[in-house]
Amino acid sequence: MVRTYKEAVEWIHGRLKLGVKPGLRRMEWMMEKLDHPERRIKAIHVGGTNGKGSTVCFLRHILQEAGYRVGTFTSPYVEQFNERISINGKPISDVDLIKLVQVIQPLAEELEQTELGGPTEFEVITAMALYYFGKMNVQDVVIFEVGLGGRLDSTNVIYPLLSVITNIGYDHIHILGNTLEQIAFEKAGIIKAGIPVMTAIDQPEALQVVEEKATSVRAKAYVLDRDFTVFAHEPTTDGERFSLQTPFTTYRDVTITMLGAHQVKNAALALMVADYLRTYYSFLIEREHMYNGIRKAAWLGRFEKMDERPLIIIDGAHNEEGIDSLVSTMNAHYPNHRVHVLFTALGDKPVTAMIQKLETIAETMTFTTFDFPRALSAEQLAEQATHPNVQWTNDWKQWLKEKRKQAEKDDIILITGSLYFISNVRNFIKNKYK
């Protein structure tokens, strides 16, 4: 039995060796043993390829602004493991984490002896979150972020108030399929009978799959640019301004501090969800809660400015669509700056395409690596580049210290790639480059 925080986290991470095992039978087994905590939770379920975390963040801030206690289940973490289970943005305590492991560990060991096999790391963490919000610390509402896919994701044991699918892109194709239709089919698996779904999917073939699933289970689908529409969008010096027409009302001159047109879509989704909650579920959300909450939302590691002169931006763009959004945001907000890119990625990503897109905005391209399973070497990444000014380094900390000194004050150092890497960089900069 674990007794310390260190032991608890080590036990959880020890489950990583089981890899990814899609399917809900182990989760259903654990929920049965725990007397179904998932049935006691008022949940909102958020899936999609990119933008899940930002959408959760926007929605949480709106609900908090309206005075609700909001639980969140998100991944991965940026600063500390406990972030994955949070209340009003505050990670659960080490003591609570230990208690949760003490509840789930014996179950995991019992499950291991059955034909279903032991639960994976993500299944264990999901079970902890469901037990926490269903039994230990019940909240007004809990927003659950899908881990991978949707249909067979361990979060899919919940029956939510609403489902949200941010977008569809090519990620985890070795598990979810290599066409947009196949990936959309997996994401659409979170749509439940009679439960409305909101989405910002813009590819017709992917949207068709989602709408067919919604129709088949009599779930009303609300689609961005059809049922709710963004207009008058313009970048500002410190974010974006836009207006939104929903089926229920109009929101003019909404401002957000997260940069990029993709964040406008995520914010629009969050506003649509909040609008639906107050219209059909009697949530007491006023217009000022919408405006204030959405403006206050900030998400770690997503186009986050970490230092000035030179400006250092970190962004966890870890797939092709994420890089597309990053490049367009840079072009919209910093079109005339020299950009020095530091990039690394995991081996299951389309790195050649990602590098080619980054090269269009880069003055220099530097590749590195970090201590993580599946992380590509700096040299492997550099071999994919065609940029005239390429280098690679295994010591990104030293590179960053030197680049800060060499760069002109109007230059930008842009660090992107794996979210796990971005977490390391963020901590390094916060600790004054030590």
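Residue numbering note: each chain is counted from 1, following its sequence as written. A pLDDT threshold of at least 70 governs which residues receive local features in this predicted model, and a stricter bar of 80 or more applies before side-chain atom pairs are shown or counted, although totals over entire chains, interfaces and linings include all residues. Hydrogens and waters are ignored; side-chain quantities use all the structure's heavy atoms.

- Per an unreviewed UniProt entry, the protein chain is named Dihydrofolate synthase/folylpolyglutamate synthase, and its organism is Anoxybacillus pushchinoensis.
- One UniProt comment on the protein chain, placed under Subunit (unreviewed entry), says "Monomer."
- The Cofactor (unreviewed entry) field of the UniProt record for the protein chain holds the comment "Mg(2+)". UniProt positions are given in the numbering used here, feature names are shortened, and annotations may be inferred rather than shown by experiment.

Things to note about the UniProt feature "domain: Mur ligase C-terminal" (unreviewed entry) in the protein chain
Phase 1: The UniProt entry lists residues 301-418 under the feature "domain: Mur ligase C-terminal" (unreviewed entry), expressed in the numbering used here.
Phase 2: Across residues 301-418, helical content stands at 33% and strand content at 24%; the span's end C-alpha atoms are separated by 10 Å. Starting at the N terminus, helices and strands are each numbered in turn, a helix being any DSSP run of H or I of at least four residues and a strand any DSSP run of E of at least two.

What about helix α11 (residues 320-333)?
Phase 1: Counted at 1.5 Å a residue, the expected span for α11 with its 14 residues is 20 Å, and the 20 Å between its end C-alpha atoms agrees.
Phase 2: Every buried residue of α11 is listed here: G322, I323, S325, L326, V327, T329, M330 and H333. The span one expects for a helix is its residue count, reduced by one, times 1.5 Å. Only protein chains enter the area calculation, which uses a 1.4 Å probe; residues under 20% of their type maximum are buried, those over 50% are exposed, and those in between are partly exposed.

Here we look at the nonpolar core
Phase 1: Buried Ala, Val, Leu, Ile, Met, Phe, Trp, Tyr and Cys residues that are joined via side-chain atoms within 4.5 Å together make up what is termed a nonpolar core. I44, L63, L277, I285 and I294 are the most contacted members of the largest nonpolar core, which totals 43 residues.
Phase 2: For this core, the secondary structure elements donating two or more residues are β1 (43-47), α3 (52-65), β5 (141-145), β6 (162-165), β10 (239-245), β11 (250-256), α9 (261-280) and α10 (287-296).
Phase 3: Per element, the largest residue contribution to this core is 11 residues, and it comes from α9.
Phase 4: Beyond its immediate stretch of four places on either side in the chain, I44 contacts L59, V141, V142, I143, F144, P160, L162, V164, V273 and L277.
Phase 5: In this structure, M27, L97, A127 and Y132 belong to the second largest nonpolar core, which totals 41 residues. Between two residues, a contact is recorded if the distance between any of their heavy atoms is within 4.5 Å.

Quick notes on the packing of aromatic side chains
Phase 1: We call Phe, Tyr and Trp rings a pair once their centres come within 6.5 Å, taking the six-membered ring for Trp, and we label the pair stacked below 30 degrees between planes, edge-to-face above 60, and tilted otherwise. Counted according to the given criterion, the structure contains 20 aromatic pairs.
Phase 2: Judged by centre distance (5.3 Å) and plane angle (75°), the rings of Y132 and F133 are edge-to-face. Taken individually, Y132 and F133 each receive the classification buried, so the pair is uniform in this respect.
Phase 3: With 5.3 Å between their ring centres and 85° between their planes, W396 and F421 make a pair best called edge-to-face. Here W396, found in helix α14 (residues 396-406), pairs with F421, found in helix α15 (residues 419-430); they are 25 residues apart in sequence, far enough to count as distant. Of the two residues examined, W396 and F421, each falls in the buried class.
Phase 4: A network of ring pairs unites the aromatic residues F370, F372, W396, Y420, F421, F428 and Y433 as a single cluster.
Phase 5: Sitting above the plane of the Y222 ring, K220 keeps its charged end 5.0 Å from the centroid. A ring is considered to have a charge above it if a Lys NZ or an Arg CZ atom is located within 6 Å of its centre and within 35 degrees of its normal.

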